[in-house]
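# Descriptive structure summary
Listed below are the residues making up each chain.
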Amino acid sequence: MTETINIMLAGPRGKMGSEALNMIEGTDHFQLVGCVDRKHQGKTIKEIDGLPDIDAPIYSDAQEAFDRLNADVFIDLTNPESGYVHTKLALNHHIRPVIGTSGFSEDQLDELKQLSSDKQTGIVIAPNFAIGAVLMMRFSQMAAKYFDSVEIIEKHHDEKLDAPSGTAVKTAQLIKEVRDSHQQGHPDEQESLPGARGANVDGMHIHSVRLPGYIAQQEVIFGQSGQTLTINHNSTDRKSFMSGVKFAVEQVMTIDHFVYGLENLME
Ligand SMILES: NC(=O)C1=CN([C@@H]2O[C@H](COP(=O)(O)OP(=O)(O)OC[C@H]3O[C@@H](n4cnc5c(N)ncnc54)[C@H](OP(=O)(O)O)[C@@H]3O)[C@@H](O)[C@H]2O)C=CC1
Ligand SMILES: O=C(O)C1=N[C@H](C(=O)O)C[C@H](O)C1
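Residues numbered from 1 in each chain as written. Chains lettered and ligands numbered in written order. Predicted model: local features only at pLDDT ≥ 70, side-chain atom pairs only at ≥ 80, totals over all residues.

The subject of this paragraph is the overall build of the protein. Along the protein, the regular secondary structure elements total 8 helices and 12 strands. For a compact globule of 267 residues, the expected C-alpha radius of gyration is about 18 Å, and the protein comes in at 19 Å, within 12% of that figure. When each of the 267 residues of the protein is scored for burial, the buried share is 38%. Counting only contacts in the protein whose residues sit at least 6 apart along the sequence, the fraction spanning at least 24 positions is 70%. (Helix = DSSP H or I, 4+ residues; strand = E, 2+ residues; numbered from the N terminus. Rg over C-alpha atoms; globule rule 2.2 N^0.38 Å. Buried ≥ 20, exposed ≤ 12 C-beta atoms within 10 Å, placed from the backbone. Contact = placed C-beta atoms within 7 Å.)

By the element assignment, methionine 137 lies in helix 5 (residues 131–144). Residue methionine 137 is classed as buried on the basis of its 26 C-beta neighbours within 10 Å. In the structure, methionine 137 is positioned 126 residues away from glutamate 263 in sequence and 9.1 Å away in space, judged by C-alpha atoms. Those residues in contact with methionine 137 that lie beyond four places of it in its chain are Lys170, Thr171, Leu174 and Glu263.

Below, the discussion takes up the environment of isoleucine 58. The topology assignment puts isoleucine 58 in strand 3 (residues 58–59). Linking isoleucine 58 and valine 252, residues 194 residues apart in sequence, is a C-alpha distance of 24 Å.

Let us now look at the site of ligand 2. All residues adjacent to ligand 2 are Ser102, Pro127, Asn128, His156, Lys160, Ser165, Gly166, Thr167 and Ala216. The residue inventory of the shell around ligand 2, partitioned by class, reads 2 nonpolar, 6 polar and 1 charged. (Near = placed C-beta within 6 Å. Nonpolar A, V, L, I, M, F, W, Y, C, P; charged D, E, K, R; others polar.)

So, on to the UniProt feature "domain: Dihydrodipicolinate reductase N-terminal" (unreviewed entry) in the protein. The feature "domain: Dihydrodipicolinate reductase N-terminal" (unreviewed entry), as annotated in UniProt, sits at residues 5–129 in this numbering. Taken end to end, residues 5–129 comprises 36% helix and 21% strand; its first and last C-alpha atoms sit 19 Å apart. (UniProt positions renumbered as here; feature names shortened; annotations may be inferred.)

In the vicinity of ligand 1, 25 residues are found, and the nearest of them are Gly11, Gly14, Met16, Ser82 and Gly100. Tallied by class, the residues present in the shell around ligand 1 amount to 8 nonpolar, 11 polar and 6 charged.

Once that is clear, we can look at the UniProt feature "active site" (unreviewed entry) in the protein. On the UniProt side, "active site" (unreviewed entry) is annotated at positions that read His156 and Lys160 here. Within the secondary structure layout, histidine 156 lies in strand 7 (residues 149–156). Residue classification places histidine 156 among the buried residues on the basis of 22 C-beta atoms within 10 Å. Along the chain, lysine 160 falls in the loop between strand 7 and helix 6 (166–176).

Looking along the chain, the bond that leaves alanine 163 and enters proline 164 is cis, with omega of -5 degrees. Note that proline 164 resides in the loop between strand 7 and helix 6. One non-glycine residue, histidine 94, lies in the positive phi region at around 60 degrees. Position of histidine 94 among the secondary structure elements: in the loop between helix 3 (80–92) and strand 5 (96–99). Histidine 94 gets classed as exposed once you count the C-beta atoms within 10 Å, which come to 11. One non-glycine residue, aspartate 202, adopts positive backbone phi at about 55 degrees. Within the fold, aspartate 202 resides in the loop between strand 8 (199–201) and strand 9 (204–210).

This part is about the domain arrangement of the protein. Considered domain by domain, the protein is made up of domain 1 (5–125 + 239–266) and domain 2 (131–236). Of note, the centres of domain 1 and domain 2, computed from C-alpha atoms alone, are 28 Å apart. Taken together, the contact pairs 11 residues of domain 1 with 10 residues of domain 2. Elements supplying a minimum of two residues to the side of domain 1 that touches domain 2: helix 7 (242–252) and helix 8 (263–266). Here the residues of the side of domain 1 that touches domain 2 sort into 3 nonpolar, 7 polar and 1 charged. (Domains from an automatic or database assignment.)

Next up, the structure:
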């Protein structure tokens with residue numbers, strides 16, 4: 001019999017958090033022991049309109065939640081500021097974090113890596129939980145060995161707080177690992193409107209589109225003389241992320257170190 005994994009979650013009313021609650025409820029060996037939600041102190045999840053019938057307590061104060069709840073894994077689906085604070089609290093309590101929240105800086109990621117090592121507590125930070133997106137990033141890294149020039153266009157719903165997306169940043173990092181550092185485009189190019197060429201990560205330009213109608217889409221476009229190659233991934237439903245969240249929760253129980261990106265658990 002598979003042992004039960006006790007889970008606490010921050011952000012249960014969010015687009016991702018509410019989907020994660022359904023996933024937890026539908027997984028026999030997962031048990032929700034409580035949530036962090038700044039608006040519903042003292043209530044239970046089943047008392048909140050639209051959330052599943054789970055009798056798990058809600059704390060508005062994250063510190064109190066971590067002090068009181070007996071969890072194996074902590075899932076964060078909030079925003080970069082709260083997510084960073086929560087993740088440090090989780091590691092300090094030896095509760096393994098599975099972090100979907102995007103927008104952490106490189107310094108913050110380094111700090112969390114160090115804390116995970118100090119506390120000998122496993123942590124998974126996944127810029128994207130969708131298997132198709134993980135493959136899109138891997139295929140992009142493969143293509144980058146053969147194409148010197150690449151630009152990334154990521155398109156999201158207009159409620160997204162961070163730009164560029166965590167997925168776009170991670171894609172650029174994976175590509176950076178396999179190519180020589182260089183700037184792209186004409187050496188004399190100039191922006192007559194600031195921002196026209198997007199963000200620049202080691203010469204790779206990232207363009208962020210925010211429009212209603214999208215959930216999450218990313219195109220990685222490679223170009224060389226006479227040809228272009230586009231690798232495209234499209235999440236049309238947030239359910240696309242849930243098998244990855246489930247996989248990360250199961251996997252984080254087996255590790256005692258820092259993992260950034262689901263691909264590092266899949267291969
Ligand atoms: N890794 C992946 O595959 C994916 C990652 N994401 C990331 O997940 C995060 C959440 O996305 P999404 O669900 O779309 O966003 P939403 O805005 O829909 O949800 C965020 C939720 O977090 C809550 N929240 C904010 N601060 C706190 C806090 N201090 N304590 C508790 N809850 C808090 C908000 O509640 P309130 O109403 O109080 O503000 C809100 O309900 C984002 O960073 C996004 O980029 C999204 C999709 C996939
Ligand atoms: O905010 C979102 O929606 C998403 N955020 C993640 C990111 O920043 O890459 C993952 C996915 O793109 C959806």
